[in-house]
Amino acid sequence: MKRFQFPNPRRSVWVLAITGAASVGNLFLAGLSENVVVLSGGLLGLAYAGWRFRGIRLTQRSDEKPCAAETIIPAELPKALDTEAPLDDPNALVDRMFAQGRYALLLRRQLLESLSAEQAARAVEALQKNMAMVPSGEVVLTHPFDAADLGSDHAEEVRATVGKLMRVEPLYLDRYPVTNQQYFRFVEAGGYQQMSLWDPEILPGVLDFVDQTQQPGPRHWIDGCFRRGENNHPVVGISWYEATAFARWVGKRLPTDAEWVKSASWPVRLSDGDPIQRRYPWGEAIDRDKANLWGSGPESIVPVEQFADGMSVGGVYQLVGNVWEWTAGGYQHPSLRDLSANVPWKSLRGGAFDTYFDNQATCDFQSGDHPMARCHNVGFRCALGAVDVATCGAAPSTETSPAGEQVA
Amino acid sequence: MTKSIDIPLQSYQLAKYAVQVPCYICGEGNAFDGEFCRHCFAPMALAHQANTQDVRPAMIATLGASGVGKTVYLGMLMDMLSRETDERRLQMLARGAFSINLQQITASALARCEFPDKTPNEPDRWNWVHCQVRDPKRKQPVELVMPDMAGEAIMEEIDHPFTYHGTRALLTKSAGVMVLVDGHKLQEGSLDQDHFTTKLLSYLRELDPHPRRGWPARPIAVVFTKADQCDNCFDDPSLFAERYASRLWQQCQQRFTSHRFFAAGVAGACAPRTQYDGTRVNVPLRIEPRGITEPFAWLVEQMKIG
């Protein structure tokens with residue numbers, strides 16, 4: 001549900017004036033005949049509705065800097081966020097953390113002990129609803145493209161390093177990429193001003209992470225808020241540092257490359273050899289109905305819950321397609337030895353709505369970018385190590401779940 | 001004993017050589033079985049297709065300095081339009097096997113996260129494209145010829161006219177032109193791109209200065225390439241031109257009535273790679289075409305053909 005507000009007092013005066021004129025008109029025409037009254041009332045109503053919609057469209061098309069009231073206040077935010085909850089009231093504080101989506105912090109062993117049973121169960125429920133369990137195991141990381149397809153000078157060098165077996169500990173991974181609405185909570189809570197959330201080396205650069213109206217926030221936002229109708233779209237236009245700061249704020253972290261690939265390709269190891277891994281989260285063959293890629297979707301970013309058929313075995317949405325995702329790892333390629341000597345580039349996974357080639361939208365394809373790049377098609381999702389979660393006995397009953405790490 | 005046998009007299013076939021087949025690009029005569037025109041080195045397949053299929057394709061030239069991305073742009077454009085299945089949009093069908101070479105070379109390289117090799121200077125090694133473009137706004141499909149010429153050859157022809165016969169002939173006959181400019185270099189402050197493009201437009205105007213039929217009235221799409229590395233270029237290409245390529249912008253405003261600025265990018269990100277011989281080349285880390293079809297669609301719409 002969206003809550004629109006009048007952009008300024010001047011417009012409110014105009015609305016009142018037109019409404020008043022409509023009422024007067026109706027009263028005047030009432031003296032003529034009943035039919036005329038109905039007709040005139042309808043016409044005036046239509047005229048008013050037309051004027052009202054015209055105002056909204058003009059607002060959207062205007063080149064002027066929109067004022068704060070024209071942007072959406074995410075209506076789904078619970079009241080705890082809107083009201084000033086007293087910080088000395090633990091229950092209000094917990095409610096606020098739930099409202100902000102920071103349930104992962106509540107599941108820390110130190111905090112969980114001080115929660116009530118109802119609050120703890122609520123935190124576990126939020127975890128299970130929003131994150132998928134990925135069991136421990138091994139995964140093979142390959143290089144950006146298949147060595148067999150190289151046919152170029154550095155093919156041998158790449159072949160020598162292909163097939164690195166990585167061990168992944170059990171983790172929880174967000175079922176969906178972080179949305180605009182979720183990121184708005186971070187911005188609204190002053191995430192860009194909380195220096196403890198940011199890596200020390202980027203602190204001077206945080207001031208440069210602004211939107212189109214020079215407010216702190218993702219690059220494409222206006223006046224500190226996302227565009228109308230994009231509540232559930234993945235947040236884009238954020239640097240790797242912004243993604244990391246958000247993850248810290250909600251008590252999570254970015255997944256490593258191995259964790260991301262394992263979640264997507266869901267390896268199964270039947271013998272001593274390499275595990276069998278999926279090329280795409282749904283199987284071996286490209287199916288453009290299952291991911292938002294070039295030529296398969298509306299050629300733009302779609303809400304995070306779409307393309308449900310393409311979810312991974314573990315129930316993670318849009319690992320391939322829609323937006324690229326920052327991971328914690330660095331971009332590594334044997335032939336890119338001199339790549340940006342001062343700043344290691346960061347890894348991107350998964351492909352986006354405009355990814356053109358099928359082989360660049362696979363589970364094991366790795367791209368990269370400068371950590372301060374704020375691209376139009378790069379978002380992220382968060383992870384949480386299972387060891388960091390005190391699950392209070394309600395964790396998924398998998399072989400590798402940290403059942404033994406429960407807290408009383 | 002003598003035995004009489006019939007020996008077919010095949011000398012009549014020599015008569016074929018007596019008839020000159022005019023090159024479709026330069027119009028000079030050639031032998032009927034020549035692969036390339038001996039004057040301009042354009043493929044004679046263009047002339048044979050024009051004769052046998054009774055089509056007179058229009059020409060679009062893609063110009064720009066060396067390394068600006070002509071091969072990538074053209075190859076990607078062809079590949080994207082060839083993959084298009086929505087009939088409400090521009091579609092492209094290649095005519096002749098030789099026309100698919102360019103998109104094959106480009107798509108294979110980009111899928112491997114590499115840029116295609118540089119186009120050689122020799123005109124007989126250029127890739128020519130003859131294609132049929134289906135435009136939903138037109139009743140009949142448009143036949144087009146688009147060569148991928150080497151940047152050095154274009155520069156050479158501009159500096160020393162008549163060096164490349166085919167280039168000059170093509171530019172004289174072209175119905176429209178796409179001028180590619182490296183947006184990233186422009187933003188970095190390089191003046192070469194601005195100067196070269198200005199020189200190129202001056203050359204075109206001198207080639208045919210007729211106010212209604214000549215280049216002043218023909219459509220010119222100025223495309224800022226590598227815009228993925230200068231993202232503000234996508235916001236307003238015309239403003240970008242005014243700000244970073246003022247000479248080019250001024251030339252277009254004053255001398256060409258039908259022109260428009262565009263931004264295009266193919267790679268989502270590029271990184272420098274040190275090769276084994278020590279040279280550094282840029283490699284694309286992912287392929288995300290943006291703004292590729294728009295200049296071409298505008299040009300087809302503006303061209304007085306079909």
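Right above here is the structure, for reference.
Describing the overall build of chain A
In terms of regular secondary structure, chain A is built from 12 helices and nine strands. In chain A, which comprises 408 residues, the proportion classed as buried is 51%. Contacts in chain A between residues at least 24 apart in sequence constitute 70% of all its contacts with a sequence separation of at least 6. Approximately 19200 Å² of chain A is accessible, and the part contributed by carbon and sulfur atoms is 55%.

Considerations on the pattern of salt bridges
Tallying each qualifying case throughout the model produces 29 salt bridges over all chains. With its nearest N and O atoms 1.8 Å apart, the salt bridge here joins A:Glu138 to A:Arg269. Residue A:Glu138 is found in strand S2 (residues 137-141), and its partner A:Arg269 is found in the loop between helix H12 (257-265) and strand S5 (324-330); the two are separated by 131 residues along the sequence. Note on A:Glu138: relative accessible area 27%, which makes it partly exposed. Residues B:Asp86 and B:Arg88 are paired through a salt bridge, measuring 3.1 Å at the closest nitrogen-oxygen approach. Taken together, the salt bridges that share partners define one network made up of A:Arg219, B:Asp231 and B:Arg290.

A word on the environment of B:Ala241
Residues and elements named next belong to chain B. Examined against the element boundaries, Ala241 turns out to sit in helix H10 (residues 237-244). Along the sequence, Ala241 and Phe261 sit 20 residues apart, while their C-alpha atoms lie 7.5 Å from each other. If we skip the residues at most four places from it in the chain, Ala241 touches Phe224, Ser246, Trp249 and Phe261.

A look at the packing of helix H3 (residues 70-83) of chain B against helix H12 (residues 293-302) of chain B
All names here are of chain B. Running from amino to carboxyl end, H3 crosses H12 at an angle of 80 degrees, the nearest separation of the two axes being 10 Å. In this view, H3 runs roughly perpendicular relative to H12, as classed from their interaxial angle. Contacts between H3 and H12 involve Tyr73, Leu77, Met80 and Leu81 from the former and Thr293, Pro295 and Phe296 from the latter. Residues belonging to the contact of H3 with H12 are distributed by class as follows: six nonpolar, one polar and no charged.

Conventions adopted
- Residues numbered from 1 in each chain as written.
- Chains lettered and ligands numbered in written order.
- Predicted model: local features only at pLDDT ≥ 70, side-chain atom pairs only at ≥ 80, totals over all residues.
- Heavy atoms only, no water.
- Helix = DSSP H or I, 4+ residues; strand = E, 2+ residues; numbered from the N terminus.
- Buried < 20%, exposed > 50% of the residue type's maximum accessible area, 1.4 Å probe, protein only.
- Contact = heavy atoms within 4.5 Å.
- Areas by Shrake-Rupley, 256 points an atom, 1.4 Å probe, with all protein chains shown as cover.
- Salt bridge = Lys/Arg side-chain N within 4 Å of Asp/Glu carboxyl O.
- Axes fitted to C-alpha atoms, helices over the stretch in contact; angles between N-to-C directions.
- Parallel < 35°, antiparallel > 145°, perpendicular 65-115°, else oblique.
- Nonpolar A, V, L, I, M, F, W, Y, C, P; charged D, E, K, R; others polar.

All we've got here are geometric facts, nothing functional implied.
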